[in-house]
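One-letter residues, chain by chain:
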Amino acid sequence: MGILTLIFAAILLFIVLLNNAAAAPIRTMAMLPTVMPAQSPSNSSTLDHEQLMRHAIREARLSRNYPMGAVIVDSLTGKILTGAANDAHLDPTLHAEIVAIQKVARKQNVYWKDLVLYSTVEPCPMCLSAIIWAGIPRVYFGSSMLFLQQQGFSQIDIRAADIAARATFSTIEIHGGLLQKECNALLIGYK
Ligand SMILES: [Zn+2]
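Residues numbered from 1 in each chain as written. Predicted model: local features only at pLDDT ≥ 70, side-chain atom pairs only at ≥ 80, totals over all residues.

What to know about helix H2 (residues 49-62)
An α-helix turns once per 3.6 residues; consequently, residues spaced three or four apart project the same way.
Logical step 1: Taking 1.5 Å of rise per residue, 14 residues should cover 20 Å, and H2 covers 20 Å from first to last C-alpha, within 8% of that figure.
Logical step 2: Of all the positions in H2, only Leu52, Met53, Ala56, Ile57, Glu59 and Ala60 are classed as buried. Looking straight down H2, one finds its buried side chains confined to an arc of 155°; they lie on one side. Set apart from the buried face of H2 by more than 90 degrees, the exposed residues are Glu50, Gln51, Arg61 and Leu62.
Logical step 3: Contact partners of the buried residues in H2: strand S1 (69-74), strand S2 (80-85), helix H3 (96-105), strand S3 (115-121), strand S4 (138-143) and helix H7 (180-187). (Helix = DSSP H or I, 4+ residues; strand = E, 2+ residues; numbered from the N terminus. Expected span 1.5 Å × (residues − 1). Buried ≥ 20, exposed ≤ 12 C-beta atoms within 10 Å, placed from the backbone. Arc of directions from axis to C-beta. Contact = placed C-beta atoms within 7 Å.)

In structure tokens form, the structure reads like this:
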């Protein structure tokens, strides 16, 4: 009888140990933070958004391809670091936002988290992804993707906000409709 009790106790102990071993990884996972710490956005209250978008519109007018432009601004100083237009006639990936990012990337001591990108059009999935990978936390655009489609421009139909929502490692503010009328006017009748 005593031996049977001992064997029973040993089996019980074995089962308890086994359960603990199986449960251990779950407990470890539960201790991991489930929410990424929010990045504190830089202060851009002093930026003149309309004036900066007008620079992007100027870039769009200078374009030798589609009338789409972008500028990248340092939110701490308000200084325009670069402006660019669509150069997709040279390379199909050279949308204005990509050209602007590439120009900034060639500079020294770039603090991407302090930058703001202005684009005359809603960034496409390629451009918004590039903006996220660059670590630029704020975007302003004029014309919506829907308007581009209505004007006959082919678009991969995923909105900038939808791309941003899926990049869970990053937080990015996206503001649409800045000087929308002026940005739309660049596109009307182009195609
Ligand atoms: Zn694009």
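What to know about H7
Logical step 1: Within H7, burial applies to Cys183, Leu186 and Leu187. One side of H7 holds all its buried residues, which, seen down the axis, span an arc of 100°.
Logical step 2: Check the buried side of H7 and you find it contacts H2, S3, S4 and helix H5 (145-150).
Logical step 3: Positive phi shows up at Gly189, right after H7, with a value of about 80°.

Regarding the packing of H3 against helix H4 (residues 125-134)
If you want to describe how two helices pack, look at the angle between their axes and the distance between the axes.
Logical step 1: Running from amino to carboxyl end, H3 crosses H4 at an angle of 25°, the nearest separation of the two axes being 9 Å. The orientation of H3 with respect to H4, classified from their angle, is roughly parallel. Considering the relative orientation of H3 and H4, their crossing is left-handed. Contacts between H3 and H4 involve Glu97, Ile98 and Ile101 from the former and Cys127, Ala130, Ile131 and Ala134 from the latter.
Logical step 2: Partitioned by chemical class, the residues of the contact of H3 with H4 number six nonpolar, no polar and one charged. (Axes fitted to C-alpha atoms, helices over the stretch in contact; angles between N-to-C directions. Parallel < 35°, antiparallel > 145°, perpendicular 65-115°, else oblique. Left-handed = near helix turned anticlockwise from the far one by under 90°. Nonpolar A, V, L, I, M, F, W, Y, C, P; charged D, E, K, R; others polar.)

Digging into unusual backbone geometry
Logical step 1: Within the chain, Asn109 stands out as a residue other than glycine whose phi angle is a positive 50°.
Logical step 2: Classification of Asn109 as exposed rests on a count of 4 C-beta atoms within 10 Å.
Logical step 3: Its identity is not glycine, yet Leu179 carries a phi of approximately 50°, on the positive side.
Logical step 4: Residue position: Leu179 is located in the loop between strand S5 (173-175) and H7.

Re the confidence of the model for the chain
Logical step 1: For the chain, the mean per-residue pLDDT works out to 85, and 76% of the residues sit at or above 70.
Logical step 2: Throughout residues 16-42 the model reports pLDDT below 50, and contacts reaching past four residues in sequence, or to other chains, amount to 13 contacts. (pLDDT = per-residue confidence, 0-100.)

Description of the nonpolar core
Most often, soluble globular proteins keep nonpolar side chains buried together rather than apart.
Logical step 1: In terms of nonpolar packing, the biggest core is built from 46 residues, with Ala100, Leu117, Tyr118 and Ile131 touching the most fellow members.
Logical step 2: Among the elements that line this core, the one with the most residues is H4, at six residues.
Logical step 3: Ignoring any residue separated from it by four or fewer positions in sequence, one finds Leu117 in contact with Ala70, Ile72, Glu97, Ala100, Ile131, Ile136 and Val139. (Core = buried A, V, L, I, M, F, W, Y, C linked by C-beta atoms within 7 Å.)

Observations regarding the sheet that holds S4
Logical step 1: The strand order across the open sheet built from five strands is S2-S1-S3-S4-S5, with neighbouring strands paired in mixed fashion. The strands lining the two open edges of the sheet, one partner per strand, are S2 and S5. If you compare each strand with its neighbour and ignore which way they point, the axes differ by 15° on average.
Logical step 2: Relative to S2, S1 runs antiparallel, the two being bridged by five bridges. Counted as the bridge partner of Ala70 is Ala84 from S2.
Logical step 3: Of the strands in this sheet, S1, S2, S3 and S4 touch H2, which is tilted by about 140° from S1. (Pairing = 2+ DSSP bridges.)

Remarks on the environment of Ile98
Logical step 1: With respect to the helices and strands, the residue Ile98 is situated in helix H3.
Logical step 2: Residues Ile98 and Ile131 lie 33 residues apart in sequence; the distance between their C-alpha atoms is 8.1 Å.
Logical step 3: When residues no more than four places from it in sequence are discounted, the contact partners of Ile98 are Thr93, Cys127 and Ala130.

Things to note about the environment of Ile57
Logical step 1: With respect to the helices and strands, the residue Ile57 is situated in helix H2.
Logical step 2: Sequence separation of Ile57 and Tyr118 is 61 residues, and the distance between their C-alpha atoms is 9.6 Å.
Logical step 3: Each residue touching Ile57, except ones within four places of it in the same chain, is listed here: Gly69, Thr120, Leu179, Glu182, Cys183 and Leu186.

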